[in-house]
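Inside the fold
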Amino acid sequence: MTADKPLRADARRNRDVLIAKAREVFDAGDFFDLRFDDFASLAGVGTGTLYRHFPTREALAEAVYHGEVAALCDRARQLQATLPAAEALATFLRGMVDHIAAHEGLARTLATLMADRSGALAEGSRALEQAVTDLVAAAVRDGAVRDDVDAGAVMMALHGIGAAHDRPGWRAEADDVITLVLDGLRRPL
């Protein structure tokens, strides 16, 4: 399959259903319990269709990851277009905690699978960091956020939240970290 040639509608549907089923399996934490061919039967497509779109398990995982990143970046743009800048930033960061909580299995699976494919993860990380950069920059322009802290610090806090997911009381602590980040970003009066 070439990236330049658009998919037929049926091929697009098959690809989308494969990604959706893979996301469900990831979220359930069952990714490693299945043979790769099992994804085809779960999606209701043939194994040839699976391999035509995703020749390896890693290629399927990468497609799921890129879809998740695209959805998060779209959400950031939507919030920036519809809310005051500081509110858009806060809503996005709290939504990231929700996303991490809802997709624990996906995060673990991707971390395991993609450990040797750091380029694929780096591309998504850059896109997500750009979305956070845009939200922070808008809040700085509005005068709601300090101008001496960049989005990299915010991303480090999000990475830390994700890495600590196994802690007892994680959710409350994650919300507290976001509150600390937002309080720390707030421009002094």
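Quick caveat, the model's predicted, so the values are computed rather than measured.

Calculation criteria
- Residues numbered from 1 in each chain as written.
- Predicted model: local features only at pLDDT ≥ 70, side-chain atom pairs only at ≥ 80, totals over all residues.
- Heavy atoms only, no water.
- Helix = DSSP H or I, 4+ residues; strand = E, 2+ residues; numbered from the N terminus.
- Buried < 20%, exposed > 50% of the residue type's maximum accessible area, 1.4 Å probe, protein only.
- UniProt positions renumbered as here; feature names shortened; annotations may be inferred.
- Salt bridge = Lys/Arg side-chain N within 4 Å of Asp/Glu carboxyl O.

Along the chain, the regular secondary structure elements total 9 helices and 0 strands. When its helices and strands are written in sequence order, the chain yields α-α-α-α-α-α-α-α-α. Over its C-alpha atoms, taken along the principal directions, the chain stretches across nearly 60 × 40 × 25 Å. Burial status across the chain gives 36% buried among its 189 residues.

We now examine the UniProt feature "domain: HTH tetR-type" (unreviewed entry) in the chain. Per the UniProt entry, the sites bearing "domain: HTH tetR-type" (unreviewed entry) are residues 12-72 in this numbering. What you have in residues 12-72 is 75% helix and 0% strand, and the ends, taken at the C-alpha atoms, are 21 Å apart.

Here we come to the pattern of salt bridges. Per the counting criterion, the structure on display carries 12 salt bridges. Between arginine 35 and aspartate 37 there is a salt bridge, and its shortest N-O distance comes to 3.9 Å. Taking the relative accessible area as the measure of exposure, aspartate 37 reaches 25% and is therefore partly exposed. Here aspartate 148 ties to arginine 146 by a salt bridge, and the two come within 2.8 Å at their closest N and O atoms. The class for arginine 146 is partly exposed, based on a relative accessible area of 26%. Bridged by salt links that share partners, the residues Arg35, Asp37 and Asp38 form one connected network.

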